[in-house]
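# Summary of structural features
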Amino acid sequence: MQKLAIQGGISLRGDVRISGAKNAALPIMCASLLSADTLHLSNVPDLHDVVTMRKLLAQMGVNILVPQGDNVREGELSLHGAQIDKLEAPYDMVKTMRASVLVLGPLIARFGEARVSLPGGCAIGSRPVDQHIKGLQAMGAIISIEHGYIHAQVPQGGKLKGARILFDIVSVTGTENLMMAATLAKGITVLENAAREPEVVDLAHCLIAMGAKIIGAGSDTITITGVEKLHGASHRIMPDRIESGTFLVAAAATRGNIVLHDTRADILDTILEKLTEAGAKIRVGKDEIALTMQGALKSVNLRTAPYPAFPTDMQAQFMTLNTIADGSAMIVETIFENRFMHVQELRRLGAQIDIEGNTALVRGTPKLEGATVMATDLRASASLVIAGLVAEGETIIDRIYHLDRGYERIEAKLSQLGANIRRIK
Ligand code: UD1
């Protein structure tokens, strides 16, 4: 199993390019199931989850082409959905990547049938898919759970019907699944209490380019008028706001000075606000964000909630920032019930954190000390990398496959910013 070794204590300095967003790329790749024509994507990040999604789609019969040769531009992918012959996402794949459930909506909308393994539990909580199922049922799908699989069917090979669907809970992939399903349904679908995440908007832009009729993406009510079929399109994946936030926190924690390129400040509002509150100076340019951290680092309270509030995917990184800040801070996690697994590991580096239910109280200490720690999930891993960058001496992070699921070439990018970090194979 691969590990990362980090010698802490170096301030990050320099420029770094932000990759395409994982959480936009995964649903958008699934949109290729909705059409028999070709979907050309660019700025697709080179991540393990993207490789898993490619395998899953290929296994269903999607023809995937990665352009080769002299004119190859990074992150290009063509997906051709004319010969889909297997309407199933098997357990092996769904268990390694929950986003596999995103094939459910497109498959049942276009082919009237789908079988997708139930995701089961995962490290950060139980994460059910009841909202996805409830929505598809409202659109006329008959759903049964058989041998650990969700089996969805439209009676007599017909089409899904438009419906008004009110989510009981804001769900990002739930909104994306039903939005994709509704593009080919008969009539109008209205999704209420929909997720407003920028990745939902990016997916809507791609679907609209494919001929879908969608209004309201980015608000809590999305209206989709079903069309007969979708056609091919070209789409560039939006920048990854969580990767952007992770590098900014790493720079603030190491009292560095960095510039992010190919990013978007408008989708990072709460993160930039919290960094400013912590004492960082931020300058925003076109597709650029610069951060300088001098002077005192102050603790910041935060509470995770659906977009546009503070993202749960940045909670662990800000926890690390608070461990070395002046004062104390409360962090409240409202999205996932078990998302404090990094706390045990941060404590091994000397962090002072108490947990009570879904609240963590972090008391800042002057320094962390290097140790061996274990990554438990994707964003927890990022928080440990940041901790390793500030800790005195060497930090070894075990089980970094979690990190490779969602961060493109993280050690190369951090090395470019001056960090002493290497992968041990
Ligand atoms: C997506 C993101 C993930 C992020 C999360 C919250 C992708 C591929 N992943 O995950 O990085 O951390 O949003 O911003 O985009 N829930 C139910 N029933 C459902 C669906 C969800 O109870 O049918 C609950 C979940 O258990 C969780 C909350 O709703 O407590 C939000 O989950 P959801 O937004 O669905 O997360 P994901 O879409 O899986």
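Above this note sits the structure.
Residues numbered from 1 in each chain as written. Predicted model: local features only at pLDDT ≥ 70, side-chain atom pairs only at ≥ 80, totals over all residues. Heavy atoms only, no water.

## Regarding the overall build of the protein
If you tally the helices and strands in the protein, you get 14 helices and 24 strands. Taking the contacts inside the protein whose residues are at least 6 apart along the sequence as the reference set, 74% of them involve residues at least 24 apart. For the protein, the accessible surface area stands at approximately 16,800 Å², while carbon and sulfur atoms represent 49% of it. Counting 44 positive and 45 negative side-chain charges, the protein places the centres of these two groups 0 Å from one another. (Helix = DSSP H or I, 4+ residues; strand = E, 2+ residues; numbered from the N terminus. Contact = heavy atoms within 4.5 Å. Areas by Shrake-Rupley, 256 points an atom, 1.4 Å probe, with all protein chains shown as cover. Lys, Arg positive; Asp, Glu negative; His and termini not counted. Charge placed at Lys NZ, Arg CZ, Asp CG, Glu CD.)

## Topic: the site of the ligand
Around the ligand, 19 residues are found, and the nearest of them are Asp130, Ser171, Thr173, Asp313 and Ile335. Taking Ser171, its side chain carries an N or O atom lying 2.6 Å from an oxygen atom of the ligand. Here an oxygen atom of the ligand and a side-chain polar atom of Thr173 are 2.6 Å apart. Burial of the ligand by the surrounding chains reaches 88%, relative to a free accessible area of 740 Å². For the shell around the ligand, the secondary-structure elements that each account for two or more residues are helix 5 (130–138) and helix 6 (172–183). Of the residues contributing to the shell around the ligand, the split by class is eight nonpolar, six polar and five charged. (Near = heavy atom within 4 Å. Polar contact = N/O pair within 3.5 Å; in protein donor to acceptor, adjacent residues only side chain to side chain. Nonpolar A, V, L, I, M, F, W, Y, C, P; charged D, E, K, R; others polar.)

## Structural notes on the sheet that holds strand 16 (residues 281–285)
The sheet built from four strands is open, its strands ordered 2-15-17-16 with mixed pairing. A strand with exactly one partner marks an edge of an open sheet, and here the two such strands are strand 2 (13–17) and strand 16. With strand direction ignored, the average angle separating the axes of adjacent strands in the sheet is 15 degrees. Sheet analysis places strand 15 (residues 257–261) next to strand 17 (residues 288–292), joined by five bridges and oriented antiparallel. Looking at strand 17, one finds that His261 is bridged to Glu288. The strands touched by helix 9 (residues 269–277) are strand 16 and strand 17; relative to strand 16, the strand with the most contacts, the crossing angle is about 150 degrees. (Pairing = 2+ DSSP bridges. Axes fitted to C-alpha atoms, helices over the stretch in contact; angles between N-to-C directions.)

## Some words on the nonpolar core
One finds Val103, Leu160, Met179 and Leu207 to be the most contacted residues of the largest nonpolar core, which totals 77 residues. At six residues, the largest contribution of residues to this core is made by helix 1 (residues 22–30). In this view, Leu207 contacts Ala31, Leu34, Met179, Met180, Thr183, Ala212, Ile214 and Leu230; residues no more than four positions away in its chain are not counted. If you look at the next biggest cluster of nonpolar residues, it comprises 66 residues, including Val249, Ala251, Ala325 and Val362. (Core = buried A, V, L, I, M, F, W, Y, C linked by side-chain atoms within 4.5 Å. Buried < 20%, exposed > 50% of the residue type's maximum accessible area, 1.4 Å probe, protein only.)

## Some points on the pairing of strand 11 (residues 188–192)
Note that strand 10 (residues 164–166) and strand 11 share three bridges and pair parallel. Along strand 11, the bridge assignment pairs Leu166 with Glu192. The β-α-β motif built from strand 10, the intervening helix 6 and the parallel element strand 11 has right-handed crossover chirality. Sheet topology places strand 11 next to strand 13 (residues 221–225); five bridges connect them, and they run antiparallel. Each residue of the ladder has a partner; that of Ile188, found in strand 13, is Thr225. (Right-handed = clockwise from strand over helix to strand, strands pointing away.)

## Things to note about the sheet that holds strand 5 (residues 77–80)
The sheet built from four strands is open, its strands ordered 4-5-3-14 with mixed pairing. The open sheet terminates on both sides in strands that have one partner only, identified here as strand 4 (63–65) and strand 14 (233–236). Mean inter-strand twist for the sheet, computed between neighbouring axes without regard to direction, equals 20 degrees. With three bridges joining them, strand 4 and strand 5 adopt antiparallel strand pairing. Among the inter-strand pairings, Asn63 is bridged to a residue of strand 5, identified as His80. Where helix 1 meets the sheet, it contacts strand 3 (38–42), strand 5 and strand 14, and its direction lies at approximately 170 degrees from that of strand 3.

## Some thoughts on the environment of Ile188
Among the secondary structure elements, Ile188 is positioned in strand 11. Residues Ile188 and Val227, spaced 39 residues apart in sequence, show a C-alpha to C-alpha distance of 9.6 Å. Sequence-distant contacts of Ile188, defined by excluding residues within four places in its chain, comprise Gly162, Ala163, Thr223, Ile224 and Thr225.

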